[in-house]
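Spelled out, the chains give:
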Amino acid sequence: MASESSPLLAYRLLGEEGAALPANGAGGPGGASARKLSTFLGVVVPTVLSMFSIVVFLRIGFVVGHAGLLQALAMLLVAYFILALTVLSVCAIATNGAVQGGGAYFMISRTLGPEVGGSIGLMFYLANVCGCAVSLLGLVESVLDVFGADATGPSGLRVLPQGYGWNLLYGSLLLGLVGGVCTLGAGLYARASFLTFLLVSGSLASVLISFVAVGPRDIPLTPRPGPNGSSLPPRLGHFTGFNSSTLKDNLGAGYAEDYTTGAMMNFASVFAVLFNGCTGIMAGANMSGELKDPSRAIPLGTIVAVAYTFFVYVLLFFLSSFTCDRTLLQEDYGFFRAISLWPPLVLIGIYATALSASMSSLIGASRILHALARDDLFGVILAPAKVVSRGGNPWAAVLYSWGLVQLVLLAGKLNTLAAVVTVFYLVAYAAVDLSCLSLEWASAPNFRPTFSLFSWHTCLLGVASCLLMMFLISPGAAGGSLLLMGLLAALLTARGGPSSWGYVSQALLFHQVRKYLLRLDVRKDHVKFWRPQLLLLVGNPRGALPLLRLANQLKKGGLYVLGHVTLGDLDALPSDPVQPQYGAWLSLVDRAQVKAFVDLTLSPSVRQGAQHLLRISGLGGMKPNTLVLGFYDDAPPQDHFLTDPAFSEPADSTREGSSPALSTLFPPPRAPGSPRALSPQDYVATVADALKMNKNVVLARASGALPPERLSRGSGGTSQLHHVDVWPLNLLRPRGGPGYVDVCGLFLLQMATILGMVPAWHSARLRIFLCLGPREAPGAAEGRLRALLSQLRIRAEVQEVVWGEGARAGEPEAEEEGDFVNSGRGDAEAEALARSANALVRAQQGRGTGGGPGGPEGGDAEGPTTALTFLYLPRPPADPARYPRYLALLETLTRDLGPTLLVHGVTPVTCTDL
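The rules behind the values
Residues numbered from 1 in each chain as written. Predicted model: local features only at pLDDT ≥ 70, side-chain atom pairs only at ≥ 80, totals over all residues. Heavy atoms only, no water. Disulfide = S-S within 2.5 Å. Core = buried A, V, L, I, M, F, W, Y, C linked by side-chain atoms within 4.5 Å. Buried < 20%, exposed > 50% of the residue type's maximum accessible area, 1.4 Å probe, protein only. Contact = heavy atoms within 4.5 Å. Helix = DSSP H or I, 4+ residues; strand = E, 2+ residues; numbered from the N terminus. Pairing = 2+ DSSP bridges. Axes fitted to C-alpha atoms, helices over the stretch in contact; angles between N-to-C directions. Patch = residues over 30% accessible without salt bridge, like charges linked within 9 Å, V, L, I, M, F, W, Y side chains within 5 Å. Areas by Shrake-Rupley, 256 points an atom, 1.4 Å probe, with all protein chains shown as cover. Salt bridge = Lys/Arg side-chain N within 4 Å of Asp/Glu carboxyl O.

A.B. asks: Would you mind showing me how to read the state of the cysteines here?
C.D. replies: Between two cysteines, a covalent bond joining their sulfur atoms is known as a disulfide. In the structure shown here, the tally under the stated rule is 0 disulfides. Its sulfur unpaired, Cys91 is 9.8 Å from the next cysteine sulfur, which belongs to Cys436.

Below you can see the structure in the form of structure tokens.
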């Protein structure tokens, strides 16, 4: 070809990795009868055609002429080094399981998940669509360079009219031919690919023979326009034959203006054009559904194809440098036709590679689109692309892709878009390397590829090389592609996707969590970094939903475990009834939007089950240190699933992996008066067991009366002011005294402070009530408490109240902290003390605020109300016979107080040190 006036990147013809797919078109692995392709026909042929494209005929002179032989060889080595790294990853993934339709999309999505796989798959699809259009435009302009009416070359035939409309017509006609072949199925393309391979190989063979057989000759060059629009005198390029002087002149670089675009060339621009032409390494991997032995054919065939194309490029570089002067190389990129023994054979090779590239791009794009549609990642937009013929050919996806290619053809020449297409391919290659790297780093036992010539070093280097190449070719396109990938991934994350594919992220997290759990040494725990790690025991979540959310707020970034005890004896059951329940509880966690783990157990009694969970929940340094229970009273249970917005809306059961409505997974709440699974005796015994095991205890009463905004995940800031009241003294102990600095009192302060750090509680005011004995002087104790709060960095309002009038002067304190629970005094006196304490707390809830007793529901809407009250939980009595009396006193103490937390802490949790 004496003249080639097309812009450089208009000939950026990438072979399509998705071209070679199962002939059934369905994307799934073919049956035994479909697996009939050998390594050569199934892998080597499509990969070689994809990696050669039209560049092998029209860009050898461009690369050697501008970069020189040494830099051209360096560019080729770097390009193939990058491709070889990705080939190793492709071979590893392909030999670890069957690769179905979609090629790189299938590999990435089934490894990194639908979010990343879907976003890169769509970009990969668009790259193939644009690649098909670029191939067709390059073919049109190659034909017009010889047969066009405006051809400027000395050997042009000038028979075809030219212009934008004519060029679009020629491109559309060729697209119709290509689309017709693809619509008939991948089988027809697969049969035609071998014929195309023979034509290209014959054309290349004629070129190689011509370098040796043709003698020196002068070749007329395309006239270049002068400074005033006039043509410069005709110039000649020289084919010298094998000449050492020619080789010496061509060794070094000689970057100049490109005669087709007028742009000044440099290393990066020349390298980008070279790299554009030698991609297409995944064509063989996508033939796995039709290969006789894919685990052997894919690595062997891909490596053979890469080595073969590398050898041909190197040979052409050397022959061109030995025989062509730099003027010919730089001014006539199609000089192969001028030196050929039979020039039409070179044209046949050019047209065959262009048609092969366009067909492979279109058929590969349709398979990627069909795989995306079949996975239902983009909803109804791609739903029609699922339609297939009786033979399984996705003709609807072909029509989709044909229409998009036709739209791209309207743009004409694709100088800028060609670089974007290359960047999209590089993103896909980097993602494949990342997939293999993730599998290797995750140390998954099931990642056992039969191809072992790779390591995490090659995968990591492949990722870095692809990213570097993206920014070298086009920094703007690289940044834009990464931004587009992020936006698509965010969209797919919002839509949700199938969870049955397997996510390597989970394997990586497991690997890292296990490593760091081993490093989380409980012997190095320090009180400065203490945080609550809660175990909430739940009987039926229908009646405990507000408590689930309140406990989620109390955890402050700590461990949160939802525990449930199923009554039964495994010896008397045919199978474990606990395992099938995990799905329902995990769905509950998702719908309630709490950050909790689930731990279920089977036990003959709730008390024994609670002991099991307290002992074995958690792992290493992440084990519960606080037990949370709902209060044991006679209040009728409520069904919060009926009123909570998150549970009143039915679950989306149409999406894959979704769960049925939770109302069908948990039984209705217990009817009033029906027997309970836990007796009052066992309830108190469970509290005592937790304290014996050195666990803190929190009992929650009336949590369902909390204002809804206080349980939300928002930022709080409601219009009505709320108080959080803290009583850090055992109110069932008749005497006052310095009870504010003991371990339990400080634990109350810490838990109330932690709750105030939650956004929904930021606007609530913390009030601490200082109880004075009847003979204590006001002010002194308050000053000590304020000093303590200052050291603990706790901002709170301190109020003094008189307490302890009921104690008889001079009477000794009871054993075990001197409370009425363990003192052995009369039930009437203890009950009177509990009622007195209850009246005191209720009076303070409404004092000075315009509100009345009874918590938030009893106050004036114009003044602050108490949203939550923290009370000191006395230890259960040592004698189990007193457990019912203890529970009755707690019921009297907290009656009509609104939402209340009874807290007993046994471990130091506050620190004044930095």
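A.B. asks: Explain the nonpolar core here, please?
C.D. replies: The nonpolar side chains of soluble globular proteins are, as a tendency, buried together. If you look at the biggest cluster of nonpolar residues, it comprises 145 residues, and the most contacted ones within it are Phe57, Phe211, Phe275, Leu316, Phe317, Phe336 and Val405. Aside from chain neighbours lying at most four places away, what touches Phe57 is Val200, Ser203, Leu204, Tyr333, Phe336, Val346, Gly349, Ile350 and Thr353. Judged by nonpolar contacts, the second largest core, of 66 residues, contains Leu562, Leu602, Val758 and Leu868.

A.B. asks: How should unusual backbone geometry be read in this particular structure?
C.D. replies: Excluding glycine, most residues fall at negative phi; most peptide bonds, likewise, are trans. Phi is positive for Lys556, close to 50 degrees, though the residue is something other than glycine. You can call Lys556 partly exposed: its relative accessible area is 39%. In this structure, Ala702 takes a positive phi of about 60 degrees despite not being glycine. With respect to the element layout, Ala702 can be found in the loop between strand 7 (696-701) and strand 8 (722-727). Assessed through its relative accessible area of 37%, Ala702 is described here as partly exposed.

A.B. asks: Is there a simple way to explain the sheet that holds strand 9 (residues 765-772) in this structure?
C.D. replies: Strand pairing in a sheet relies on backbone hydrogen bonds. The paired strands run either parallel or antiparallel. Strand order in this open sheet of 10 strands is 5-4-3-6-7-12-11-8-9-10, and the pairing throughout is mixed. On the outer flanks of this sheet lie strand 5 (597-603) and strand 10 (797-802), each paired with one strand and no other. Between one strand axis and the next, the sheet turns through 25 degrees on average, direction left out of account. Sheet contacts for helix 23 (residues 680-692): strand 6 (626-630), strand 7 and strand 12 (900-904); angle to strand 6, the most-contacted strand, approximately 165 degrees.

A.B. asks: Would you explain a nonpolar patch on the surface in this entry?
C.D. replies: Residues Phe40, Leu41, Phe194, Leu195, Leu198, Leu199, Ile209, Leu341, Trp342 and Ile348 make up a contiguous nonpolar surface patch of roughly 930 Å² in combined accessible area. Broken down by secondary-structure element, the contributors of at least two residues to the nonpolar patch are helix 1 (39-52) and helix 7 (186-213). Looking at the nonpolar patch, the element that brings in the most residues is helix 7, giving 5 residues. Structurally, the position occupied by Leu41 is in helix 1. Judged by relative accessible area, Leu41 falls into the partly exposed class, the value being 38%.

A.B. asks: Help me understand the pattern of salt bridges, please; the structure alone is not making it clear to me.
C.D. replies: This structure, assessed with the given rule, holds 8 salt bridges. Two residues, Arg607 and Asp689, come together in a salt bridge whose shortest N-O distance is 2.7 Å. With Arg607 in helix 21 (residues 606-616) and Asp689 in helix 23, the pair connects residues that are 82 residues apart, well separated along the chain. The exposure class assigned to Arg607 is partly exposed, which follows from its relative accessible area of 28%. Through salt bridges with shared partners, a single network forms among Asp633, Arg701, Glu891 and Arg895.

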